[in-house]
Protein chains: 4
Amino acid sequence: MIDYTIFGESHGKAIGVVITGLPSGLPLDMDAVAAEMARRAPGQDKTSTPRKEKDAVELLSGLFEGKTTGTPLCGVIYNTDTRSKDYSKLKDMPRPGHADYTASVRYGGFSDYRGGGHFSGRLTAPLVFAGAVAKQLLAQQGIAVETRISVLGGVEDPTAEQIDAIILAAKADCDSVGGAVSCTVSGIPAGFGAPDLGENAEGIFAKHLFAVPGVKGIEFGAGFGFASMRGSQGNDPFCMADGKVQTVTNHAGGINGGITNGMPVTFRVAMRPTPSIAKQQQTVSLSGGTNEVLVVEGRHDPCIVKRALPVIEAAAALAVCELMNI
Amino acid sequence: MIDYTIFGESHGKAIGVVITGLPSGLPLDMDAVAAEMARRAPGQDKTSTPRKEKDAVELLSGLFEGKTTGTPLCGVIYNTDTRSKDYSKLKDMPRPGHADYTASVRYGGFSDYRGGGHFSGRLTAPLVFAGAVAKQLLAQQGIAVETRISVLGGVEDPTAEQIDAIILAAKADCDSVGGAVSCTVSGIPAGFGAPDLGENAEGIFAKHLFAVPGVKGIEFGAGFGFASMRGSQGNDPFCMADGKVQTVTNHAGGINGGITNGMPVTFRVAMRPTPSIAKQQQTVSLSGGTNEVLVVEGRHDPCIVKRALPVIEAAAALAVCELMNI
Amino acid sequence: MIDYTIFGESHGKAIGVVITGLPSGLPLDMDAVAAEMARRAPGQDKTSTPRKEKDAVELLSGLFEGKTTGTPLCGVIYNTDTRSKDYSKLKDMPRPGHADYTASVRYGGFSDYRGGGHFSGRLTAPLVFAGAVAKQLLAQQGIAVETRISVLGGVEDPTAEQIDAIILAAKADCDSVGGAVSCTVSGIPAGFGAPDLGENAEGIFAKHLFAVPGVKGIEFGAGFGFASMRGSQGNDPFCMADGKVQTVTNHAGGINGGITNGMPVTFRVAMRPTPSIAKQQQTVSLSGGTNEVLVVEGRHDPCIVKRALPVIEAAAALAVCELMNI
Amino acid sequence: MIDYTIFGESHGKAIGVVITGLPSGLPLDMDAVAAEMARRAPGQDKTSTPRKEKDAVELLSGLFEGKTTGTPLCGVIYNTDTRSKDYSKLKDMPRPGHADYTASVRYGGFSDYRGGGHFSGRLTAPLVFAGAVAKQLLAQQGIAVETRISVLGGVEDPTAEQIDAIILAAKADCDSVGGAVSCTVSGIPAGFGAPDLGENAEGIFAKHLFAVPGVKGIEFGAGFGFASMRGSQGNDPFCMADGKVQTVTNHAGGINGGITNGMPVTFRVAMRPTPSIAKQQQTVSLSGGTNEVLVVEGRHDPCIVKRALPVIEAAAALAVCELMNI
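These remarks concern the structure in this document. (Residues numbered from 1 in each chain as written. Chains lettered and ligands numbered in written order. Predicted model: local features only at pLDDT ≥ 70, side-chain atom pairs only at ≥ 80, totals over all residues. Heavy atoms only, no water.)

Moving on: the overall build of chain A. Regarding its fold elements, chain A presents seven helices and 17 strands. On C-alpha atoms alone, chain A measures out to a radius of gyration of 21 Å, which is about the 20 Å that the 2.2 N^0.38 rule sets for 326 residues. Counting only C-alpha atoms, chain A reaches 65 × 55 × 40 Å along its principal axes. Relative to its full complement of 326 residues, chain A shows a buried share of 62%. At a minimum sequence separation of 6, the contacts of chain A that also span at least 24 residues come to 72%. Working note: accessible area of chain A is about 10600 Å², and carbon and sulfur atoms make up 51% of it. Taken together, the 29 basic and 33 acidic charged side chains of chain A have centroids lying 6 Å from each other. (Helix = DSSP H or I, 4+ residues; strand = E, 2+ residues; numbered from the N terminus. Rg over C-alpha atoms; globule rule 2.2 N^0.38 Å. Buried < 20%, exposed > 50% of the residue type's maximum accessible area, 1.4 Å probe, protein only. Contact = heavy atoms within 4.5 Å. Areas by Shrake-Rupley, 256 points an atom, 1.4 Å probe, with all protein chains shown as cover. Lys, Arg positive; Asp, Glu negative; His and termini not counted. Charge placed at Lys NZ, Arg CZ, Asp CG, Glu CD.)

Dropping the structure here:
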C-alpha cells in the first residue's frame, strides 16, 4: 500500500520524500511532475513570496529506465535560496499562529527554528512531488483530482481578478487572508472504504489533508450544510443512469457509511490565513517569561490558498491511492 | 498505544469492542460506564427511536479484581430487541442516505443487511463503552471532554426546548434533522502531536470522529471561519497567564502545526440528518436495474444529534488517548 | 488485510478473537473448525492435561447466513472448567520458565495471575479458531498448511509410539519435554513479500509464529544448517519443470530476498518444554525479596508439542493470509 | 516510535534511510557512526569484495547544531564505484540463491537488476547507519549490543585465524561459506514487550533481523536446543542477586511470555552462504523457458558473516528501540 514520509527543514541541506508501496512499471512523466511543482513554486507573481527556488526534484532511487521499480522511491529537493539570518532572533519569541512554540515544547528546544524548519510551507514541495506521482497512477485508472478556490477572504466563489485583488489588498495592509478550497475526485468506483476506524473513506482523506500545513477543517459533500437540512433534503435519491446506479444529488460527497458510492468524491478544506504578517503582534519571551511585541520580518506569502491548490490535490491523490490500495 | 476494534451487527447475536493497549491498574467505575451508556441509549423520550435495549455491557476479559489488567479488554452487549422482519424486504432496494448500496458493493452482497448490520447506529454503543473507559483514564490526568449541540436544523445554539421542538416537528413531518456538535477537550498539555502524516493532532481527532456514523465534517477552532479572516484576526497572540504561556484567543483550537499548545482543544463536527425517514423516496432495484419508490418502515430516530453527544465524546476521548499515547 | 486480536484470561469469563479484514462470502465450515479445535483440545489422552473443556466457539458477529460478511468476525469460547484455587498462592512466587514475573513487572501487578491469565496456553484455542478460518480461505486458493513433530526430547523424526513414550516418561519423572515442529505451506505462488522491513516473507511468518506461547526459534529451509554449508551446496539451482520455473532443491524454504519463489515454504520452530513441572524448583518471593522453593501444583501438560501442531498451522495460515493480502 | 525506511539500488544514484520517531536532542557522534560504517565497508582485506566505496553518510535532514531535531532524519550514501556492465547480461538468467527471479516476478520485470538493485547487500550500509544512531540512543540508557561469529562453515566458535582461513579456502574454491552470529543485548530492564501479536519481544527482534539480507533463522536463548531439553533443564530458576530478581541460567534468552525479564537478551541468527559464487551453476532463461548454465561474474564476497556483524547489531539496536519505545 502506498505510504510516504516527508523529511527536511526549510534551511537545511535538502527536503524530500520517500514513497513506499508504489506499483512497479509506472512510466513517470517528469515533465508533468515539473508542471505540478511549478504550480506550487513561490515567486510566480506579486501575490506570493519573492523567495525563488526552482524546486527541481532529484530522484535518488525507485526509478529504472524511466519506470517505477516498485521499491522505495526517494525524491530530493536541495535547498539553495536560504537566508537564515532573517530568522535567528525569533528563537525565543514564538510567532503567533506558527508552530514555533509547540515545536519548542514538543522537541525540547532542539528543532530547527530557521524559517519554520520542518514546519515550513516549503515542505509541501515534496508533497506535491509525491502527489504528482500519485496522480499519474490514478490517471491510468481514469481518476482525476481537481480543485478550485471556493472562498477567499470571505468572498464565495471568487474570480481570478477578485482573488488577486483580495490578496494584494491584504499585502498592502501588511496582512494575509484565509480561504477554502473545494476538491472533486472523479472516477473512483463504488465500493472502496469501510465503516471501521482507520478504514473509512472520510477518515483516510482527512488524515492526508490535515497533514497539509494550514488546513483546519474538512467537510464532505454538504458537510456543515447538513446541520441546516432535513433528511428529505439531505438524502440522495438513487436512480439508474447510463446503465448504472447513481444518485440524483450528491450531498453525501460520494461516500456512504465510509464507502465510496461511485459518484464524485467532493470535499472542501478550510485554510487559515498565513500566520506570517508584517504587523506588530503580541507574543512572549520563552526564556524570560515576559510579554513582548514582535514584528515578523523576512519574506512571506500574503496568501497560501492559491499555491495550496496543487498541495491539496497531492494530498487527495495520495489519499485515493491509500483508499483504493493502489 | 490504545486502539480498539468494534464488532457486531444490529440484528446479530451481540455487538462489542476489544480495546488494546490500555494501561493496567485503572479501577473501572462501572456505574460511570452505565451512565454514559444511558446517555446514548434509545427510547428515552419521544425524540428518539422506541427500540428499547438496556445496553448492559458484559466484560469478557481485561478486568481483574475491578481493575484493568493491561491485556485486551473485551466488552459485549447482547442484542435482544431485534425485529428482523422490518428489514427483510429492503435487501434489493437500497435506502437513500444509508450504506445499503455501498455495503452491497463493498461486501459483494454478503453483508448483514438487517437493520443496517455493521453500519447500524447501534454500533455506537460499544464505542460509547470504549469512550467511557478512555474518559476515566483521562480524568486521572485532569483531562475532560465536553460536548453541546451547536446547531440543530439550522438553528444556532438551540436551547433544550428548541431542540425538542425541532425534533418533534421533523418527526411530525415524517422527516429528520441534522446538526452540529461542538466539543471541548480541556487539560491536554502542550506538546502532543507532530506535523507529519498520521501524527498530527487534527488528523488523529479526525480519524476517530469520522468513524462515527453520520459525521460528515470536522473543523478545529475557527475552522471554516478562517476563510473569512485575515491573519491579524486569526492569529492567537501569546501571553503569560498563570505563570505559563497561553494564547489570548483560541482560533487555532488548541493546535499549532499539528501539536497541542496547551489551550483547550476545540472542534465542531457536522452530523447529517438521520437518513431513515418515513417519507416516500426514490431508489432503484439492484437486481432489476429499475427505478423504484420506497417507504422505509421500522423504528427510527428523527434526530441522532442528541444521542450522539456521548458518542462524539467517546471518539474524542479515544483520540486523546492515542494522541498522548496513554 | 487480515488481522486478529486475541483476548481473554484462562480463568476469566471467556477467551476469544476478533478477526478483521476477512473477505466476504466465505462459507464457513463449522465442522472443519470444530475438528481443528479438537486437535488442540486438552484431555484427549494420558499425554495431555486432564483439564477438559469442549472449546465450543460461539460466533458473535461477522457471519450471516453461513458466510463471512467481511466485517469483523468475533468468536468466543466461554471458560467453564476453572479451578482458581489451584493458583492463588502463586501470586508472590513466580514459576520458573513462566511469564508470572515478567507479567508482574509489565502490568504493575495488575495482571490476572490465575492459571497464567492472558499468558495461558489456553489462549491458543481462539488462535486455532482464527487459523481454521484462515485455512478455509487458503484452501480456496489451493494452499495447504501441514505440520509434523520433527524433534521431541532430542529424538529426531520420532514415530507416534516414540512420541507417546517420550511424553509419558517425562510425566513419570514429574517433568516435561520440548521439541521442534516442521511446517510446510504448499501452493503459494511466486512473488509475495518484499525485501523491506515488515514486508519480507520470513519476517511475516516469524511475527505470527512468535505470538505462539513457547516458540523460541524459527528457521526457514536449511536454516541453521546454512552455517555449515558452502554456497555451492546451499544455492538452489533453477530448472524448468511442469512448464514453470522451479528449483532443484529447496534450501531457501521457498523464499529468496523475502519474496516467495513458488516452491513450498518450509520452516521449523523450536518449542520449549512446558515450564509447569511437578518437581521442586527454585524461585523468589517478590514481596519478601528472598529465595524460596516452589512446587507447582495444578493440572499440566507434560508436553505441548503434540497439541501445538494445529496452533503452529493456525499461525502459519494467518501469516500466509497477511503475506498474500487475502 | 522509531521506524525506518531504507531506499536505493546498488547501481542507482544513491542509497539511504529515513528514520522517523527519533527523540530530539541526541548529540550524534559522527565519528562513532563512521567507525560502524567502516566495520561493514567492503574492501578491507582479502576476505571481502574488492569493491571500494567510502560509504560516507551525508545527512540531509533531522540534525541541527549537531543534535537530532526529533523530525525525520535522512542519511544518504552516494554510489560511486558502480560497474553496471558486469550485470547487464544476467537480466534473463536468474542467479541461484539470489532474489533475481523473485524480484522479477514480484515487480513485473521492472526492478533494477544491476548488482542486485534494491536487494543488494550494499543496502545494509544505510541500515548500519541507522543502527549506529540507535546504538547511541541505547548507550544513553546503559544498553549495549554485541555480536560474535558463533559458527562459520560448520566450525563452532571459530578463532580469528580460523575465520580467515575458512573464508580464503572457500574463495580459492570459487565458493562461499555460511555461518551463524550470536548477539547479546545487555541492559534492557524487565517489563518490555507483551504476549500479543506484533508486540512480543521475540517477534520484534525477528522482524528487524529478517530484514537483513541472508538471515534465514533466529533462535532466542537455548532456541532449538530446547527441543532436546526437559523442563527441569530448560527452566531458569529465579534468585535474588545484587538486590534484584535474576535467573540462575538464561535459557530463555532474557524473554518470558514475550516480555523481557531483565537478563541479557541473547539470540543467534543463521546466515546463508553468499549466493554469488564463481562456479558454474544451473539456471533457466526466463524468456526462453529453457534450462541454462551460468557463471556469475563481477566482484563478490566469499563470506558476508564477518561484515554482517555490525549489520546484525544495527538491526538488533533498532529492534530494542522499537521494543522500548525509545
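Right, let's get into helix α7 (residues 305–323) of chain A. Residues and elements named next belong to chain A. Taking 1.5 Å of rise per residue, 19 residues should cover 27 Å, and α7 covers 26 Å from first to last C-alpha, within 8% of that figure. Burial within α7 is extensive, with 18 of its 19 residues counted as buried. Backbone geometry just after α7 places Asn 325 at a positive phi near 55 degrees. (Expected span 1.5 Å × (residues − 1).)

Scanning the model with the defined rule gives one cavity of 30 Å³ or more in all. The space that makes up the largest cavity amounts to roughly 30 Å³. Tallied by class, the residues present in the lining of the largest cavity amount to one nonpolar, three polar and two charged. (1 Å grid on protein atoms, 1.4 Å probe; cavity = no way out; pocket = protein on both sides within 12 Å on 5 of 7 lines; lining within 4 Å. Points joined across faces, edges and corners; volume = space filled by probe spheres on them. Nonpolar A, V, L, I, M, F, W, Y, C, P; charged D, E, K, R; others polar.)

The final tally for this structure, using the stated rule, is 64 salt bridges over all chains. Residue B:Lys207 is joined to B:Glu322 by a salt bridge in which the shortest nitrogen-to-oxygen separation is 3.0 Å. Pair noted here: B:Lys207 is in helix α5 (residues 201–209) and B:Glu322 is in helix α7 (residues 305–323), with a separation of 115 residues, a long-range link. What makes B:Glu322 buried here is its relative accessible area of 11%. Put simply, A:Glu36, A:Arg39, A:Lys135 and A:Glu313 are held in one network by salt bridges that share partners. (Salt bridge = Lys/Arg side-chain N within 4 Å of Asp/Glu carboxyl O.)

Next up on the list: the packing of aromatic side chains. Using the criterion set out here, one finds 30 aromatic pairs over all chains in the structure. Ring geometry for B:Phe220 against B:Phe267: centres 5.8 Å apart, planes inclined by 50 degrees, an arrangement best described as tilted. Placement of the pair is B:Phe220 in strand β10 (residues 215–220) and B:Phe267 in strand β15 (residues 265–271), with a sequence separation of 47 residues. A residue is classified by how much of its surface remains accessible, and B:Phe220, at 0% relative accessible area, is buried. Note on C:Phe220 and D:Phe210: the rings are 5.4 Å apart at their centroids and 85 degrees apart in plane angle, and the pair reads as edge-to-face. Taken together, the positions of C:Phe220 in strand β10 (residues 215–220) and D:Phe210 in the loop between α5 (201–209) and β10 (215–220) put the pair across two chains. Of the two residues, C:Phe220 and D:Phe210, neither departs from the other in class, the shared state being buried. Every member of this aromatic cluster is reached through a ring pair, and the members are A:Phe205, A:Phe220, A:Phe267 and B:Phe210. (Phe/Tyr/Trp six-rings, centres within 6.5 Å; stacked < 30°, edge-to-face > 60°.)

Here we come to the packing of helix α3 (residues 124–139) of chain D against helix α7 (residues 305–324) of chain D. Residues and elements named next belong to chain D. Put simply, α3 and α7 touch, their axes get as near as 7 Å, and they point 50 degrees apart. By the angle between their directions, the pair α3 and α7 is classed as oblique. The crossing of α3 and α7 is left-handed. On α7, the residues that touch Thr 124, Leu 127, Val 128, Ala 130, Gly 131, Ala 134, Lys 135, Leu 137 and Leu 138 of α3 are Pro 310, Val 311, Glu 313, Ala 314, Ala 317, Leu 318, Val 320 and Cys 321. The residue makeup of the contact of α3 with α7, split by class, is 13 nonpolar, two polar and two charged. (Axes fitted to C-alpha atoms, helices over the stretch in contact; angles between N-to-C directions. Parallel < 35°, antiparallel > 145°, perpendicular 65-115°, else oblique. Left-handed = near helix turned anticlockwise from the far one by under 90°.)

Turning to its location among the elements, C:Asp112 is positioned in the loop between α2 (100–106) and α3 (124–139). Within the local environment of C:Asp112, its side chain forms a polar contact with the side chain of C:Arg114, the two groups lying 2.8 Å apart. When neighbours within four sequence positions are excluded, C:Asp112 is seen to be in contact with B:Phe64, B:Thr69, C:Glu9, C:Gly117 and C:His118. (Polar contact = N/O pair within 3.5 Å; in protein donor to acceptor, adjacent residues only side chain to side chain.)

Residues and elements named next belong to chain B. Along the chain, the position of Val 57 falls in the loop between α1 (30–40) and β3 (58–61). What makes Val 57 buried here is its relative accessible area of 18%. Distance from Val 57 to Asp 173, taken between C-alpha atoms, is 35 Å for residues 116 residues apart in sequence. Those residues within four positions of Val 57 in sequence are excluded, and the remaining contacts are Met 30, Met 37, Gly 75, Val 76, Ile 77 and Phe 129.

A separate point is the interface of chain C and chain D. Residue-level contacts link 95 residues of chain C with 95 residues of chain D. Across the chain C to chain D interface the summed buried area is about 7000 Å²; carbon plus sulfur atoms make up 62%. Considering only the surface of chain C that becomes buried against chain D, C:Leu197, C:Lys216 and C:Phe238 emerge as the three largest contributors, covering 12% of it. Linking chain C to chain D there are four salt bridges. The closest approach of N and O atoms between D:Asp173 and C:Arg230, which form a salt bridge, is 2.4 Å. The tally of links between chain C and chain D comes to 41 residue pairs in polar contact (both at pLDDT 80 or more). Examining the composition of the side of chain C that touches chain D, we find that six residues originate from one element, β10(C), more than from any other. (Buried area = accessible area lost by both parts, 1.4 Å probe.)

Another aspect to go through is the interface of chain B and chain A. With 95 residues of chain B in contact, the opposing surface of chain A contributes 95 residues. When the two sides are added together, the surface that chain B and chain A hide from each other amounts to roughly 7000 Å², 63% of it contributed by carbon and sulfur. Per-residue buried area on chain B facing chain A is highest for B:Leu197, B:Lys216 and B:Phe238; these three make up 12% of the total on that side. The interface formed by chain B and chain A includes four salt bridges. One can count 40 residue pairs in polar contact (both at pLDDT 80 or more) joining chain B with chain A. The class makeup of the residues in the side of chain B that touches chain A is 47 nonpolar, 33 polar and 15 charged. Bridge analysis of strand β10 (residues 215–220) of chain A against β10(B) gives three bridges, and the strand direction is antiparallel. From the neighbouring strand, A:Glu219 faces β10(B), where its bridge partner is B:Gly217. (Pairing = 2+ DSSP bridges.)

In this section: the relation of the copies chain C and chain D. Look at the two chain copies: a rotation about an axis and a shift along it is all it takes to match them. In the superposition of chain C on chain D (RMSD 0.0 Å, axial shift 0.0 Å), the rotation amounts to 180 degrees. Put plainly, the chains are arranged around a two-fold axis. Of the C-alpha atoms belonging to chain C, the one lying closest to the rotation axis is found on C:Ile218, 2.8 Å away. Both copies share a contact surface, since 100% of the interface residues of chain C are interface residues in chain D too. (Least-squares fit on C-alpha atoms with pLDDT ≥ 70 in both.)

Least-squares fitting of chain B to chain A yields an RMSD of 0.0 Å, with the superposition described by an axial translation of 0.0 Å and a rotation of 180 degrees. A share of 100% of interface residues in chain B that are also interface residues in chain A marks the association as one of identical surfaces.

This part covers unusual backbone geometry. Residue and element names in this part refer to chain A. Located in the positive-phi region is Asn 325, a residue other than glycine, with phi close to 55 degrees. Position of Asn 325 relative to the elements: it lies in the segment after α7. Take Asn 325: its relative accessible area is 40%, and that puts it in the partly exposed class.

All names here are of chain C. Pairing in this open sheet of four strands is antiparallel, and the strands run β1-β2-β6-β3 from one edge to the other. The open sheet terminates on both sides in strands that have one partner only, identified here as β1 (3–8) and β3 (58–61). If you compare each strand with its neighbour and ignore which way they point, the axes differ by 20 degrees on average. In the sheet, β3 pairs with strand β6 (residues 73–78) via three bridges, with the strands oriented antiparallel. Looking across to β6, one finds that Leu 59 is bridged to Gly 75. Contacting β1, β2 (14–20), β3 and β6, α3 runs over the sheet at an angle of about 30 degrees to β2.

The analysis is restricted to geometry; functional conclusions fall outside its scope.
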